[in-house]
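Architecture and fold: a report
Spelled out, the chains give:
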Amino acid sequence: MSFAAAPRRPSGGAPRARRRSPLGVAIVAVAAVIAALLLLAQFWTEVMWFGQLGFSRVIWTEWGMRAALFAGGFLLMAGSVFWSFTAAYRSRPIYAPSTPEQATLDQYREAVEPLRRVVMVAAPVLVGFFAGVAASAQWRTVLLAFNSEPFGETDPEFGMDLGFFVFLLPALRFTVGFLISVVVIAGIAGLITHYLYGGLRVGPAAAGGPRTTTAARVHLAIIGAVGLLLIAGNYWLDRYSILTNAGDRFDGASYADVHAVIPAKGILTVVAIFVAALFIVTAFRGDWRLPAIGVGLMVVSAIAIGGIYPAVVQRFQVNPNAQELEAEYIQRNIDATLTAFDIDDIEKEQYDATTEAEEGALRADADTAASIRLLDPQIVSPSFRQLQQNKQYYNFNDSLSVDRYEIDGESRDTVIAVRELNLDGLGQDQRNWVNDHTVYTHGYGVVAAYGNQPGPDGRPAFFEGGIPSQGAITDMEGEYEPRIYFSPSTQTYSVVGKPEGDPRDPWELDYQADDADDGGQVNTTFAGDAGPEVGSFGSKLLYALKFGEEQILFSDRVTSESQILYDRDPQQRVSKVAPWLTLDNRVYPAVVDGRVKWIVDAYTTSDAVPYSTSTPLDEAVADTLTTASGAPVELPEEVNYIRNSVKATVDAYDGSVDLYAWDAEDPILKAWTNVFPTSVKPMEDISADLMSHVRYPEDLFKVQRTLLSQYHVTDSAEFFSGQDFWNNPADPVSDAATAPLQPPYYLTLKMPGQEESSFSLTSTFIPGGNTDREVLTGFLAVDADAGNEAGKKAEDYGKLRLLELPRDTTVPGPGQVQNNFDSNPTISEQLNILQIGASTVRRGNQLTLPVGGGLLYVQPVYIQSTGGTQFPLLRKVLVAFGDDIGFADTLDEALDQVFGGDSGAQAGDAGTAEDEAPIAPPTGEGEPGTDPTPEPSGESSGEPSGEPTGGAGAGGTGSLDAALQEAADAMADANAAQRDGDWAAYGEAQDRLQQALEDAIAAEEAQSGSAG
């Protein structure tokens, strides 16, 4: 016999206690204080931040639930593992048989014994910590389970409310999975301890002798029984999870799943319970053969019933008859997907699009033609910078926003930008703590330009801009608060505010002005409530530690009334106060009730709706815009349910966040409202002014158009064949080797069947499959205008309209149209002329509009310098209808070229080629800039007025423009003659074209020479 455990006691009596060094105690105390302060600097400052915004309940609820789950997970895992260790150790045999196996284990026991107590405590603590972290990450799942709401709809297989699948099932799966992990780890701990201390033997045993002690047998058998019961529960829950399986053709339970897999899971549940009972029997009777046989039976059942049988059903029963057998389940998938993504109420229309351009064809679409946007918000940002940035410490985003404003009683599509703070624009000698954080604290004002007409010389036609702000928006709002303390590009913190009685002059810089009293500067002092107070010594200390800058503690500009502004990105602020929402990647500004507001669309999502198709959002929303931004797509990986349930706003001046319930009937929003009852305001609180700027969100529309490329087919047989599936086209103006998708575009248009034009978001479809044939198969538009009534969205807001083109007609798609533009010899020659010298051509967004009984394509063409100061100017417009192409200085002229000399409508830029507005003078601040373009004096408020800017005295610009116009006219005459078969007229037009191109080259060379 050998001793299984013989702990050694040290000889020589109890050791003498060592004196603790006062220096060591002091060091430990100081380290503890510093650690506490650092933790406080991170956590308490967050409490102050949430408290200032009025969302304290959010952080305390989240932290409280995280802490509770961490504690529960830690205690459950650590307690179970510790119990398993100690139970096995205390029940170890006093003597173990003398066998070679035990002799080897004696050596291991000798080595382990000095560390046994540490291991038996440290190991449970370590695994408990990781378990607690994993459990705390499920705080959203648990909160939703406790606050679930019914959907009012049932799944087609089990007849259970969808709320069970969305709210309860994820929590049950997490709980069962977590408990299985606890049992497995506790079982491993007990198994190792029993083996090490002789309670379990693996090697040869005496004839008839047991391999386990009674205590070890009971211990391990109970753990095995509990584990098998949990596995049985997991099998049972699998039956419900199968309804969200991702299949090859469709998501959800297929015929084989319903008729083979789900019954198999039920059988395996019963088998697992039976085997668990065998383990219980073993705990009392001591025979391991029964549970061993049971486990073997379970494995065989899992392979045969859970794997082989469904595979046989699929291969020999389903595959030969798939279309008939899967029809019911495909239809379930179609219906569930349409409902889950809110595309079940789409208005479809067969659109017999013509490709013949006839004179006067746009007469019935005059409003749409007048509203066609020429300003590309993805291209003109450099123009905004050069003409409206004003100072180097301001900047505009690379991607501007499209909105609409009512000007002179008319709703106008607008390209709008915010003049944001840009510290990187300062010189290195200007960069110091005082300037970075107390002087340059904010941006200033918005800049807006008409979307449907250019300004002088192809520049944006600004109707709001300048510093101080002036223009139509300022007049309409009766002056608004222009200071921008919160914006997407503002990443650093600022310290603002000072006491009223402070004798010092304000030090926060607004702008420089020659007539300012204070040394040519106009300064301000922040007067709102935008950030945590930082006046007390404790607050200064915490924020000095948080940001690692001692100046906060010692600067005289951090006063008793100071506030510290940080987390200033609107999306970041919304995501912090509403961590349960998924945010759209786009945030856009609007001047609302005298304040600049950032509007953020927010979604509630799920991946647990039965039969609905799971969609990877990062792929669905990826297009030219997201690729160009380079920013990561902040969306969950996959969802099969989405609702734009919340509209959020962030005040650009004081950073206040408001959440409005946009879809109050959404069950997920209702559940979160149960958790945070004061966070979301009702829609009735939305003002009329704010409602007029709310728009349909881009990311939601991208997801919906992705799904509609397949789910416009609603018949299961047609869906199974897939012959009518579509694709979204690649962006035809992208220079990338693998072009990303063309983004959707905001436009004001009238869809066939609509009584009047509305602000819409649009996209197109081309044939699916592996083909390079790019004809148009569909056109999708959603009514993006929420109306202008307080607390009530417009009746048609969110109405999806799909035009399906006949399969026997060939309407060019975006790629074909772009190829026609690029390959047209006349257009190519003229564009090459425009690129002579230090210029380059930039093609704007290619817009598609269903007008004139067909599809009209419009693309602005910009010219930009290749060196020095670079900003694009609108010079030409390309238009296509069928195979007819127009190319002119203005959209109005290009439309007339295409539609037989008279389109029947006036575009927004009608008359601008002959009657351009003068270039506005600089603002007088030493930087390039323009005041808002003055309102035209003619009949149409959209037409700039003033003297022409061309002429010989303008360095040849007038000669060049005249030559290019002559070339465009000659090209139009040549196209018309070719259609009519008048080859004599065609030859004469070609001669005129050649002469015009030569004149243009000469004018360009003369202009380059005079510039040099």
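What comes next concerns the included structure. (Residues numbered from 1 in each chain as written. Predicted model: local features only at pLDDT ≥ 70, side-chain atom pairs only at ≥ 80, totals over all residues. Heavy atoms only, no water.)

1. Side note on a negative patch on the surface
Condition: What makes a patch is a set of residues exposed beyond 30% relative accessible area and free of salt bridges, joined within 9 Å when like-charged and within 5 Å when nonpolar (Val, Leu, Ile, Met, Phe, Trp, Tyr). Note on areas: Shrake-Rupley, 1.4 Å probe, and residue coverage restricted to the protein chains presented here. Salt bridges are defined by distance alone: a side-chain nitrogen of Lys or Arg within 4 Å of a carboxyl oxygen of Asp or Glu. Positive charges come from Lys and Arg alone, negative charges from Asp and Glu alone, with His and the N- and C-terminal ends not counted. Where a charge sits is defined by one atom per residue type, namely NZ (Lys), CZ (Arg), CG (Asp) or CD (Glu). A run of H or I in DSSP becomes a helix once it reaches four residues, and a run of E becomes a strand once it reaches two; helices and strands are each numbered from the N terminus. Partly exposed residues are those whose accessible area sits between 20% and 50% of the maximum for their type, while under 20% is buried and over 50% is exposed, using a 1.4 Å probe and protein chains only.
On the surface, D367, D408, E410, E755 and E756 cluster together into a patch of negative charge. Mapped onto the secondary structure, E756 falls in the loop between β25 (745-749) and β26 (758-767). E756 sits in the exposed class, given a relative accessible area of 59%.

2. Here's the deal with the nonpolar core
If you look at soluble globular proteins, the nonpolar side chains tend to sit buried side by side. Basically, it comes down to this: Definition used in this section: a nonpolar core is a set of buried Ala, Val, Leu, Ile, Met, Phe, Trp, Tyr and Cys residues joined via side-chain atoms within 4.5 Å.
Counting 149 residues, the largest nonpolar core has W580, L659 and W672 as the members making the most contacts within it. Among the elements that make up this core, the one with the highest residue count is helix α6 (residues 162-196) (11 residues). Of all hydrophobic cores here, the second largest spans 63 residues; its members include Y351, L400, L849 and F881.

3. Points about the pattern of salt bridges
Evaluation of the coordinates by the stated rule reveals 35 salt bridges. Residue D658 is joined to K681 by a salt bridge in which the shortest nitrogen-to-oxygen separation is 2.7 Å. Remark: K681 occurs in strand β23 (residues 680-681) and D658 occurs in strand β22 (residues 657-661); sequence separation between them is 23 residues. On the accessibility criterion, D658 (14% relative accessible area) is buried. Across the pair D724 and R807 runs a salt bridge, and its minimum N-O distance is 2.8 Å. Taken together, the residues D724 in the loop between α24 (716-721) and β24 (726-727) and R807 in the loop between β28 (800-804) and α25 (814-823) connect sequence positions 83 residues apart. On the accessibility criterion, D724 (12% relative accessible area) is buried. Ionic contacts of the salt-bridge type, sharing partners, join the residues R595, K597, D651 and D654 into one network.

4. Regarding the packing of aromatic side chains
Where we set the bar: Only rings of Phe, Tyr and Trp enter the pairing, Trp through its six-membered ring, and a pair is recorded when the two centres are within 6.5 Å. The plane angle decides the type: under 30 degrees is stacked, over 60 is edge-to-face, the rest tilted. We call a charge positioned above a ring when the Lys NZ or Arg CZ atom is no farther than 6 Å from the ring centre and deviates by at most 35 degrees from the ring normal.
A full pass over the atoms with the stated rule returns 39 aromatic pairs. Between W139 and W672 the ring centres are 6.3 Å apart and the planes differ by 65 degrees, which places this aromatic pair in the edge-to-face class. In this pair, W139 sits in helix α5 (residues 139-146) while W672 sits in helix α21 (residues 667-675), placing the two residues 533 residues apart along the sequence. Both residues of the pair, W139 and W672, count as buried. On the basis of an interplanar angle of 75 degrees and a centroid distance of 6.3 Å, the ring pair of Y255 and Y329 is categorised as edge-to-face. Remark: Y329 occurs in helix α11 (residues 327-340) and Y255 occurs in helix α8 (residues 255-285); sequence separation between them is 74 residues. The burial state of Y255 is the same as that of Y329; both residues are buried. Among the aromatic residues, those joined into a ring-pair cluster are F70, F74, F129 and F130. Above the ring of W236, the side-chain terminus of R239 is found at 3.8 Å from the ring centroid. The ring of Y240 carries R239 above its face, with NZ or CZ at 5.4 Å from the centroid.

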